[in-house]
Amino acid sequence: MTTTATGALLRRDGLARRRDPLYAVSLAFLGLVVLVAAFAPLLAPYPPDAIDFTAIWGSPSPAHLLGTDQLGRDLFSRLLLGTRESLIGPLALLAGATVIGVAIGLVAAWNGGWVDVLLARITDVMFAFPGLLFVVLVIAVFGKGPWTAVVALALAYAPVIAKFTRSIALSELARPYVDAYRVQGASAVHIAVRRVLPNMTPALLGYLVVLFGEGLMSLATLSYLGFGAQPPSSEWGLMVQEGQDGIVLGHFAPTLVPGLAIAAVVVAVNIVGVRLSERLGARA
Amino acid sequence: MNTPFPRRRLAGTALATGAAAILLAGCTAAGPSTSEAPAVELPFGPTTPAASGPVDSVTWMLPSEPATFDFDIDSGAAENTVFANVCERLMAVQPDLTTVPHLAESAEWVDDTRVVFTIRDGVTFHDGSPMTAADVLWSMQRHAAEGADESDEYANVVSMEQTGEREITVTMAQRDAIFIQAMAGNGGMVLNPRVVEAQGDAFGSPGTPDACTGPYTLGEWKPGSSLTIERAADYWDDSREVLAGEVVFRWADQSAVVNALTAGEADGSYLDSPASAIPLQQVSDVSLAQGPSTNAWVLLATERGPLADERIRQALSLAIDRSGITTAAFGGLAQPWKTPIGQGAWGYETEAFQAAYDELEGAPASPDAADLERAKALVAEAGAPDEPILVASDGGSVRNVVSNALVAAAKQIGLDAEIVTVPSAQYGDFYSDEAVRGQADLFSDEYYISKNDPVGFYKNGASTATVNFVGFSDPDYDALVKEAFAATDDAERAELAIELQRRWVEATPWISIAQSPSTVALRAELTGVPASAAYLYYPWAADLGTTEG
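Along each chain, the written sequence defines residue order, and numbers are assigned to residues from 1. Each chain is given a letter, starting from A, and each ligand a number, starting from 1, according to the order in which they appear as written. In keeping with the model being predicted, local features are shown solely for residues with a pLDDT of at least 70 and side-chain atom pairs are shown and tallied solely at 80 or more, while totals for entire chains, interfaces and linings include all residues. As a rule here, side-chain values come from all non-hydrogen atoms in the structure, and water together with hydrogens is ignored.

### Quick notes on the overall build of chain A
A helix here means a DSSP run of H or I that spans at least four residues, while a strand means a run of E at least two residues long, and both kinds are numbered starting from the N terminus. In terms of regular secondary structure, chain A is built from eleven helices and zero strands. The helix and strand sequence of chain A, counted from the amino end, reads α-α-α-α-α-α-α-α-α-α-α. Each residue gets one of three labels from its accessible area relative to the maximum for its type: buried under 20%, exposed over 50%, partly exposed in between, using a 1.4 Å probe on protein chains only. Of all 284 residues assigned to chain A, the portion counted as buried reaches 53%. Contact criterion: two residues are considered in contact whenever any of their non-hydrogen atoms come within 4.5 Å of each other. Relative to all contacts within chain A whose residues are 6 or more apart in sequence, the contacts with residues 24 or more apart total 72%. With an accessible surface of roughly 12,500 Å², chain A has 71% of that area assigned to carbon and sulfur atoms. One way to put it: in chain A the 19 positive side-chain charges average out to a point 14 Å from where the 16 negative ones average out. Using a 1.4 Å probe, accessible areas were evaluated by the Shrake-Rupley method; residue-level cover was limited to the displayed protein chains. His is not counted, nor are the chain ends, whereas Lys and Arg count as positive and Asp and Glu as negative. To locate a charge, take atom NZ for lysine, CZ for arginine, CG for aspartate or CD for glutamate.

Next comes the structure, spelled out in structure tokens:
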């Protein structure tokens, strides 16, 4: 039997009904974060880069719910607006990495033989290269900035996705329905893209959700190191970096607020990703 | 299928995150904002109280590891802090930032273009060999060589020769009124040629001996870990008491320096930023002091393009909030400042300099509506640049505040500005690498001079000056620089320096931000070191001892 990803998701009858409060809470939290990202400009009481030197390192107050940073900027507004960049970056990098990685993984699994060996060696070489060093090299060549960081990380993540795709594609290609389509004369592209890929989607989806958390952390790390988002952006990794000088002065919020936001989203994404993999993978 | 992320651990992590959030709210709510906190006041003066007794060993924190002790290659705060104790100069900076003869017994102008240094007898290098006039001449020629880091101090020198057993005569193209003072800086450092030549290109790197005459010798330098200087066994100056037996230098960023001082793992440090003194005020075991310096934070304009029109620079200078910057970046322990050098540079005619400073316009502490209107008018007159003004930051605390404030100021007057982050390791290349300067129109830095004479700074505005990146060119200014260098009368030189200062502030090749006093932190039972910026050239460790004998 063949099925599509959406159909598979909808027909997983146990998925919605199984009691899993942690999963439900995480999903609800992520939904809230997405809503915040969507409506951040309406929710934020101040522009995120509005400097107020009369209110530096301010404590939480009705005027500034989470306090202010070293430039007197409203932390709550920066956190809300930062949600956008902090979520869009990992999404974009995963989109790029998925297109490249899935294509490589599928081609390798479908063709086998020397194509598989060649692609495996290429991805092995990329695996062997330290990820951060590779990303820093790409940034050194193409310049700093959030989108360079996204492209660099997409290239670094592509081999990971390629390996995963290849492994699940190999087991999928061994199923009888693939031979059935071949006998019917369907083209390789048609079978791979229209039949095999949709059946791999549930497993891929869970894996990609977990990778999203990693991507968020990686982009935040690059921004922290000065390679990603540039000031006065309120990307969370950059907020952590900018706020860290306050620690020695006893002002923890400018670092801890974005740090906890990163931690909370990554934990929630991991919970959701793991649960999705567990449920969809088990039923695939 | 096994769950790679066990449910219990997930729950625990989520709970920990929530608990941390609650804890954070509690912690944050407890502390007042800086704007509400009382103004910080520290003892201010050239030195800390004199020590009563010696100390065997101290651990001293630096902002970074020294790169070399070959000062003709490079020198910065870390290198100077260490080797001020090891190497000596023809003249010597005192804690009050005045200069006195040192390895030179005297320095005198014998006519309009010749200055004679009489070399002190009885000085020995750390290898025991006597310092001769030939050694001094060799050292001066090395510093003056093209490409040497200190060669700018010798810009007016035509020739140098030994004219007696203990006499060096320097001939100038014109009288250089600050040349003698300049010999209290690294350009006047006397090196042992035999040691330097024996080491070749390796001289100045870890594992090579020093070639100096100072009260301390270089001990072990463990790259990446520590550097030790030890009291010189046979220091030539018997009259000089050398209190600290050895100083072990370690290096870290400012947070770690503060932590090391708080935890009692370090005995002292000249703080990289006065703001670091704020948390240390709460530590009972640490004493703090501030002193005069020539240091000032400035934004240097580059040749990249958009700031070539001085009206744009003037507009930015009018709009930037210096007062806000000093509060945000220095916790109020630095002062908004209109000129590119600190008050410590006013080594003579202080009242005249103060009066002239007070009259300067175009660099308000906090811009008011009139300043912003003037700035907008200047931008309208000049026309806004086609591309955004790029201001560099390395992500460090002060540069982050300065660059964000510049962007905010630009926005207020209708200019578009963006921040570019340049790694700290590359930041120093702004001075030497045109390609690096191509990344930004402005880069902020803390600039200081070794001489307590503003003329020593304002030469940087001459059209041929190496740090006049933006290409400020004014023939009258160039002529004034020459005139000021030739004026050995203090009152006359002060008048010329004040005119140079006025023209500099008007043209704004650099945008001045704040003067930053020197700040020293010491374990409470230690004292004696200068609080002023003299520590960069003065053997401060020799004065470091205990408060009780």
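### Regarding helix α10 (residues 350-359) of chain B
Residue and element names in this part refer to chain B. Burial in α10 covers these residues: Phe 353, Ala 356 and Tyr 357. Buried residues of α10 fall within an arc of 105° about the axis and therefore sit on the same side. Exposed positions of α10 whose direction lies more than 90 degrees from the buried face are Glu 351 and Glu 359. Each element contacted by the buried residues of α10 is listed here: β14 (335-336), α15 (454-458) and α17 (490-507). To be clear, the arc concerns the directions from the helix axis to the C-beta atoms.

### Some words on the UniProt feature "domain: Solute-binding protein family" (unreviewed entry) in chain B
Within the UniProt annotation, "domain: Solute-binding protein family" (unreviewed entry) is assigned to residues 99-465 of chain B. Helix and strand shares over residues 99-465 of chain B are 29% and 23% respectively, and the end C-alpha atoms of the span are 25 Å apart. UniProt positions are given in the numbering used here, feature names are shortened, and annotations may be inferred rather than shown by experiment.

### Quick notes on the sheet that holds strand β1 (residues 55-62) of chain B
All names here are of chain B. Strands pair, by our definition, only if DSSP identifies at least two bridges between them. If you trace the seven strands from one edge of the open sheet to the other, you get β8-β9-β10-β1-β11-β19-β12, paired in mixed fashion. Both outer strands of the open sheet, β8 (216-222) and β12 (286-291), are each paired with one neighbouring strand and no more. Strand after strand, the sheet turns through a mean of 20° between neighbouring axes, direction not considered. Sheet analysis places β1 next to strand β10 (residues 244-251), joined by seven bridges and oriented parallel. Pairing of Trp 60 across the sheet is with Phe 249, part of β10. Here an angle of 0 to 180 degrees is reported between the N-to-C directions of two axes, which are lines fitted to C-alpha atoms, with helices fitted over the stretch in contact.

### Structural notes on the pairing of β10 of chain B
Residues and elements named next belong to chain B. Of all the eight residues making up β10, six are buried; the element is thus mostly covered by neighbouring parts of the structure. Sheet topology places strand β9 (residues 226-231) next to β10; four bridges connect them, and they run antiparallel. Across the sheet, Ile 229 pairs through a bridge with Val 247, a residue of β10.

### Topic: the sheet that holds strand β6 (residues 157-164) of chain B
The strands making up a sheet associate through hydrogen bonds between their backbones, and the pairing can be parallel or antiparallel. Residue and element names in this part refer to chain B. If you trace the four strands from one edge of the open sheet to the other, you get β4-β5-β7-β6, paired in antiparallel fashion. Each having just a single partner strand, β4 (104-109) and β6 make up the two edges of the open sheet. Geometrically, the sheet is characterised by an average inter-axis angle of 20° between neighbouring strands, direction not taken into account. Sheet topology places β6 next to strand β7 (residues 167-172); six bridges connect them, and they run antiparallel. Across the sheet, residue Gly 164 finds its bridge partner in β7, namely Glu 167.

### Description of the state of the cysteines
Put plainly, a disulfide is one covalent bond tying together the sulfur atoms of two cysteines. Residues and elements named next belong to chain B. Criterion for a disulfide: a pair of cysteine sulfur atoms within 2.5 Å. The tally for this structure, following the rule as stated, stands at one disulfide over all chains. Between the sulfur atoms of Cys 87 and its disulfide mate Cys 212 the distance is 2.0 Å. Its torsion about the S-S bond being 65°, the disulfide of Cys 87 and Cys 212 is classed as right-handed. Linking Cys 87 in the loop between α2 (77-83) and β2 (91-93) with Cys 212 in the loop between α5 (193-199) and β8, this pair joins segments that are 125 residues apart in sequence. The exposure classification of Cys 87 matches that of Cys 212, with both residues buried.

### Comments concerning a negative patch on the surface
A surface patch of negative charge is lined by Glu 349, Glu 351, Glu 483, Asp 489, Glu 492 and Glu 495 of chain B. Of the residues examined, Glu 483 of chain B reaches a relative accessible area of 43% and is grouped as partly exposed. Only residues whose relative accessible area exceeds 30% and that form no salt bridge enter a patch; like-charged residues are grouped when within 9 Å of one another, and nonpolar side chains (Val, Leu, Ile, Met, Phe, Trp, Tyr) when within 5 Å. We define a salt bridge as a side-chain nitrogen of Lys or Arg found within 4 Å of a carboxyl oxygen belonging to Asp or Glu.

### Looking at the UniProt feature "domain: ABC transmembrane type-1" (unreviewed entry) in chain A
Per the UniProt annotation, the sites labelled "domain: ABC transmembrane type-1" (unreviewed entry) are residues 87-273 of chain A. Strand forms 0% of residues 87-273 of chain A and helix 83%; the C-alpha atoms that close the span are 16 Å apart.

### Describing the side chain of Gln 181 of chain B
Residues and elements named next belong to chain B. Position of Gln 181 relative to the elements: it lies in helix α4 (residues 179-182). Since its relative accessible area comes to 11%, Gln 181 is described here as buried. Of note is the side chain of Gln 181, whose polar atom sits 3.4 Å from the backbone nitrogen of Asn 452. N or O atoms closer than or at 3.5 Å make up a polar contact, with two conditions inside protein: a donor-capable atom paired with an acceptor-capable one, and, for residues adjacent in sequence, both atoms drawn from side chains.

### Some thoughts on the UniProt feature "transmembrane region" (unreviewed entry) in chain A
Residue and element names in this part refer to chain A. UniProt marks residues 21-44, 87-110, 122-141, 147-165, 204-227 and 247-273 with the feature "transmembrane region" (unreviewed entry), using the numbering shown here. Structurally, residues 21-44 is divided into 96% helix and 0% strand, and its ends, taken at the C-alpha atoms, are 30 Å apart. Annotated as 100% helix and 0% strand, the span residues 87-110 places its first and last C-alpha atoms 33 Å apart.

### Points about the packing of aromatic side chains
Residues and elements named next belong to chain B. Put simply, two rings from Phe, Tyr or Trp (the six-membered ring, in Trp's case) pair if the centres are within 6.5 Å, and we call them stacked under 30 degrees between planes, edge-to-face over 60, tilted for the rest. The tally for this structure, following the rule as stated, stands at 35 aromatic pairs over all chains. Each ring, one from Phe 69 and one from Trp 221, has its centre 6.3 Å from the other, and the planes form 40°; the classification is tilted. On the criterion of sequence distance, the pair formed by Phe 69 in the loop between β1 and α2 and Trp 221 in strand β8 is long-range, its members being 152 residues apart. For Phe 69, a relative accessible area of 1% translates into the label buried.

### Notes on the pattern of salt bridges
What the rule picks out here adds up to 38 salt bridges over all chains. A salt bridge links Arg 166 of chain A to Asp 116 of chain A; the shortest N-O distance between them is 2.7 Å. Taken as a pair, Arg 166 of chain A in helix α7 (residues 146-173) and Asp 116 of chain A in helix α5 (residues 113-128) lie far apart in primary sequence, 50 residues in all. Arg 166 of chain A gets classed as partly exposed once you look at its relative accessible area, which sits at 28%. Under the relative-accessibility criterion, Asp 116 of chain A is labelled buried at 12%. Salt-bridge contacts for Lys 163 of chain A lead to Asp 124 of chain A; the nearest nitrogen and oxygen are separated by 2.9 Å. Linking Lys 163 of chain A in helix α7 with Asp 124 of chain A in helix α5, this pair joins segments that are 39 residues apart in sequence. Linked by salt bridges that have partners in common, Asp 474, Glu 499, Arg 502, Arg 503 and Glu 506 of chain B make up one network.

### Regarding the environment of Leu 35 of chain A
Positionally, Leu 35 of chain A belongs in helix α3 (residues 21-43). Sequence spacing of Leu 35 of chain A and Trp 110 of chain A is 75 residues, and the spatial spacing of their C-alpha atoms is 40 Å.

### Here we look at the nonpolar core
Generally speaking, soluble globular proteins have nonpolar side chains that are buried together. Counting residues in each nonpolar core, the largest one holds 82 residues, and the members touching the most others are Leu 299, Leu 316, Ile 320, Ile 325, Ile 413 and Leu 442 of chain B. The element best represented in this core is helix α12 (residues 397-412) of chain B, accounting for eight residues. Aside from chain neighbours lying at most four places away, what touches Ile 325 of chain B is Phe 53 of chain A together with Ile 320, Phe 330, Val 401, Val 402, Ala 405 and Ile 513 of chain B. Among buried residues, the Ala, Val, Leu, Ile, Met, Phe, Trp, Tyr and Cys ones that are joined through side-chain atoms within 4.5 Å form a nonpolar core. In this structure, Val 170, Met 189, Val 247 and Val 520 of chain B belong to the second largest nonpolar core, which totals 76 residues.

### A look at empty space enclosed by the protein
Residue and element names in this part refer to chain B. Points on a 1 Å grid over protein atoms alone make up a cavity when a 1.4 Å probe fits among them but cannot get out, and a pocket when they form an open set with protein on both sides within 12 Å along at least five of seven lines; lining residues each have an atom within 4 Å of a point. Grid points are joined across faces, edges and corners, and a volume is the space filled by probe spheres set on the points. A complete count under the given rule lists three cavities of 30 Å³ or more for this structure. Approximately 80 Å³ is the volume attributed to the largest cavity. Lining the largest cavity are Val 93, Leu 97, Thr 294, Asn 295, Tyr 448, Ile 449, Ser 450, Lys 451, Asn 452, Ala 533, Leu 536 and Tyr 537. Per-class residue counts for the lining of the largest cavity are seven nonpolar, four polar and one charged. Counted as a void, the second largest cavity has a volume near 50 Å³. For the lining of the second largest cavity, the secondary-structure elements that each account for two or more residues are α17 and β18 (510-515). Ten residues, namely Ala, Val, Leu, Ile, Met, Phe, Trp, Tyr, Cys and Pro, are considered nonpolar, four, namely Asp, Glu, Lys and Arg, are considered charged, and the remaining ones, Gly among them, are considered polar.

### Structural notes on the packing of helix α8 (residues 176-183) of chain A against helix α9 (residues 188-224) of chain A
Residue and element names in this part refer to chain A. Two numbers describe how α8 lies on α9: the axes approach to 11 Å, and their chain directions differ by 165°. In terms of orientation, α8 lies roughly antiparallel with respect to α9. In the crossing of α8 with α9, the sense of the turn from one axis to the other is right-handed. Across from Tyr 177, Val 178, Tyr 181 and Arg 182 in α8, the residues of α9 making contact are Ile 191, Arg 195, Val 196 and Asn 199. Each angle receives one of four descriptions, namely roughly parallel if under 35 degrees, roughly antiparallel if over 145, roughly perpendicular if within 65 to 115, and oblique otherwise. Left-handed describes a crossing in which the near helix is turned anticlockwise from the far one by less than a right angle; the clockwise case is right-handed.

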